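As a plain string of letters, each chain reads:
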Amino acid sequence: MKTLSLDAVRGLMIAAQGLHDDLQPPATKQTVGAIIRQMHMLQIDTINVVARSPYLVLWSRLGDYNPRWLEDLLAEGALFEYWSHAACFLPIEDYPLYRHLQLRWEGGRARKWLDEHSAVTETVLNHIRTRGEARSSDFERTDGQKGGWWNWKEEKLALEYLFYTGELMVRKRHNFQRIYDLRERVLADFDKLDEVSLADAHDQFVLNTIQGLGVTKAEWIPDYFRLKKADVNAALKRLEKQDRLMTIAVEGWKTPAYIHSNSLKRVEAAAKGDIPRSKTTFLSPFDPLVWDRARALDLFGFDYKIEVYTPAPKRKYGYFTLPILYNNRLIGRLDPKAHRKEGIFEVKSLHLEPGVMVDDSLVAEVKSALQACAAWHKTPQVVVRYATEPGLAERLSD
């Protein structure tokens, strides 16, 4: 097989992530589940200056869809919540892969806390056993302290640690609040699930990463499922001995790249010049294409950080900037806010990367994506306050 160009690697990664510009039928609940399986996870974040990150990640791939479908899939048991790359929605068939992480919590800090706070732990469990599913707000705070992200009440901590150990699962969400229930009620066939060894779980995580990235360096693999480098290296050696890995040369790379056997035809086509092209869209800061900032810089030359934790006077680009994907490149970022009551989708600023040429095609594509994003947010009026290129803000606004 020919050596892959870097442009081919970018296109293959974009396609593996479901961000390529293929004609698709209107989205359905089933396609929401399918795209999550394609990415292998959907990271959860609560910031909602625009749609919360998991909903936005889906919109970037599916376009107009009903966000309720994500909640339905969780409530129906097609998805479950647990820690992966971070807190994530995960395909239910992958549940056995996470048992080792639950057992680690069971044998460590979570169980220690639960044992030290046995009274509140038993109160929470009895409440759920007798009354059914519950959320944190069902338990009144009794210690006289104020709540906050870093000052959870004991009942909230009990719920979380029981969730970490797997004794509780998230049955559903309401207003984006977790609603917990006993695992045996949520996952009735838990006792019938196959046991997966730790080594086999690592092997599958590595294979899933390679499939999710399309083409990858070894150094990019650990971040996807937040594995240790030593565990990834051991898995790669096992998989190579079993002939379960495929490699290919990439221009400028000192070591071969890894590809998944399921993507072989697409890789062969890309090596011959048939490279998948991206749609024009905007990405969440927690989108798998950009969540590894080092990979985004290495492959796309895009130096990106989220500035929500940066004091306002020190921000360079904005509070919650979204990378702009266009023609297989990350060409810039925009700082949006959805004013839902007023029906306005405001772009406070739009920064293009150095060297990006503004032509009619770029303006048309980005404007169309802005209008689609605004319409999906039910804030149909687009207002762009500032753009780095003279006249661009006016051309992109309604």
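See the structure above.
Draft legend 1. Representation of the overall build of the protein chain. When helices and strands are counted, the protein chain shows 16 helices and 13 strands. Against the 2.2 N^0.38 benchmark of 21 Å for 398 residues, the protein chain shows a C-alpha radius of gyration of 22 Å, consistent with a compact globule. Projecting the C-alpha coordinates of the protein chain onto the three principal axes gives extents of approximately 65 × 60 × 40 Å. Split into buried and exposed, the 398 residues of the protein chain put 53% on the buried side. As displayed, the protein chain offers around 19100 Å² of accessible surface, 49% of which is attributable to carbon and sulfur atoms. When the 56 positive and 54 negative side-chain charges of the protein chain are each reduced to one mean point, those points stand 2 Å apart.

Draft legend 2. Molecular detail of the sheet that holds strand β6 (residues 215-216). The antiparallel open sheet is built from 3 strands, whose spatial order is β6-β8-β7. This sheet does not close on itself; its edge strands, each paired only once, are β6 and β7 (246-248). In the sheet, β6 pairs with strand β8 (residues 257-259) via 2 bridges, with the strands oriented antiparallel. For V215, the partnering residue across the bridge sits in β8 and is I259.

Draft legend 3. Up close: the sheet that holds strand β3 (residues 87-91). Strand order across the open sheet formed by 3 strands is β1-β3-β2, with antiparallel pairing between neighbours. In this open sheet, the two strands that pair with only one neighbour each are β1 (42-43) and β2 (79-83). Where β1 lies against β3, 2 bridges are found, and the strand directions are antiparallel. For L42, the partnering residue across the bridge sits in β3 and is F89.

Draft legend 4. Seen up close, the packing of aromatic side chains. Under the definition given, this model contains 22 aromatic pairs. Both rings, one in Y98 and one in F205, keep their centres 5.2 Å apart while their planes meet at 65 degrees; by these two values the pair is edge-to-face. One end of the pair, Y98, is in the loop between β3 and α5 (99-106); the other, F205, is in helix α10 (residues 198-213), and 107 residues separate them in sequence. Considered together, Y98 and F205 belong to a single accessibility category, that of buried residues. Plain terms: the ring middles of W105 and Y164 are 4.4 Å apart, the flat faces sit at 35 degrees to each other, and that makes the pair tilted. Of this pair, W105 sits in helix α5 while Y164 sits in helix α8 (residues 154-165), and the two are 59 residues apart along the sequence. Looking at Y164, the relative accessible area reads 10%, which means it is buried. In this structure, R183 packs its charged tip against the face of F190, placed 3.8 Å from the ring centre. Over the ring of W253 we find K217; its NZ or CZ atom is 5.0 Å from the centre of that ring.

Draft legend 5. Structural context of the packing of α5 against α8. Contact pair α5 / α8: the axes reach a minimum separation of 7 Å and the direction vectors enclose 130 degrees. As far as their axial angle goes, α8 and α5 are oblique. Across the interface between the two elements, R99, Q102, W105 and E106 from α5 touch Y161, Y164 and T165 from α8. Of the residues that constitute the contact of α5 with α8, the class distribution is 3 nonpolar, 2 polar and 2 charged.

Draft legend 6. Focus on the layout of surface pockets. The calculated volume of the second largest pocket comes to roughly 620 Å³. What lines the second largest pocket is a set of 28 residues, among which D21, D22, Q24, R61 and K279 lie closest to the centre. Taken together, the elements giving at least two residues each to the lining of the second largest pocket come down to α2 (29-39), α3 (53-62) and α15 (360-376). Among the residues making up the lining of the second largest pocket, the classes are represented as 11 nonpolar, 12 polar and 5 charged.

Draft legend 7. Expanded view of the environment of T310. Relative to the assigned elements, T310 resides in the loop between α14 (293-300) and β10 (322-326). Given a relative accessible area of 14%, T310 falls into the buried group. The spacing of T310 and I128 is 182 residues in sequence and 40 Å in space, taken between C-alpha atoms.

Draft legend 8. Structural context of unusual backbone geometry. Positive phi is not limited to glycine here, since N175 has a value of about 50 degrees. Within the secondary structure layout, N175 lies in the loop between β4 (168-174) and β5 (177-182).

Draft legend 9. Structural detail: helix α12 (residues 229-241). If you check α12, its first and last C-alpha atoms are 18 Å apart, about what 13 residues at 1.5 Å a residue would give, namely 18 Å. Along its buried surface, α12 packs onto α10, α11 (221-225) and β8. One or two positions beyond α12, positive phi appears at D243, with a value near 55 degrees.

Procedures and definitions
Residues numbered from 1 in each chain as written. Predicted model: local features only at pLDDT ≥ 70, side-chain atom pairs only at ≥ 80, totals over all residues. Heavy atoms only, no water. Helix = DSSP H or I, 4+ residues; strand = E, 2+ residues; numbered from the N terminus. Rg over C-alpha atoms; globule rule 2.2 N^0.38 Å. Buried < 20%, exposed > 50% of the residue type's maximum accessible area, 1.4 Å probe, protein only. Areas by Shrake-Rupley, 256 points an atom, 1.4 Å probe, with all protein chains shown as cover. Lys, Arg positive; Asp, Glu negative; His and termini not counted. Charge placed at Lys NZ, Arg CZ, Asp CG, Glu CD. Pairing = 2+ DSSP bridges. Phe/Tyr/Trp six-rings, centres within 6.5 Å; stacked < 30°, edge-to-face > 60°. Lys NZ or Arg CZ within 6 Å of the ring centre and 35° of its normal. Axes fitted to C-alpha atoms, helices over the stretch in contact; angles between N-to-C directions. Parallel < 35°, antiparallel > 145°, perpendicular 65-115°, else oblique. Contact = heavy atoms within 4.5 Å. Nonpolar A, V, L, I, M, F, W, Y, C, P; charged D, E, K, R; others polar. 1 Å grid on protein atoms, 1.4 Å probe; cavity = no way out; pocket = protein on both sides within 12 Å on 5 of 7 lines; lining within 4 Å. Points joined across faces, edges and corners; volume = space filled by probe spheres on them. Expected span 1.5 Å × (residues − 1).

These results come straight from atomic positions and should not be treated as a statement about function.
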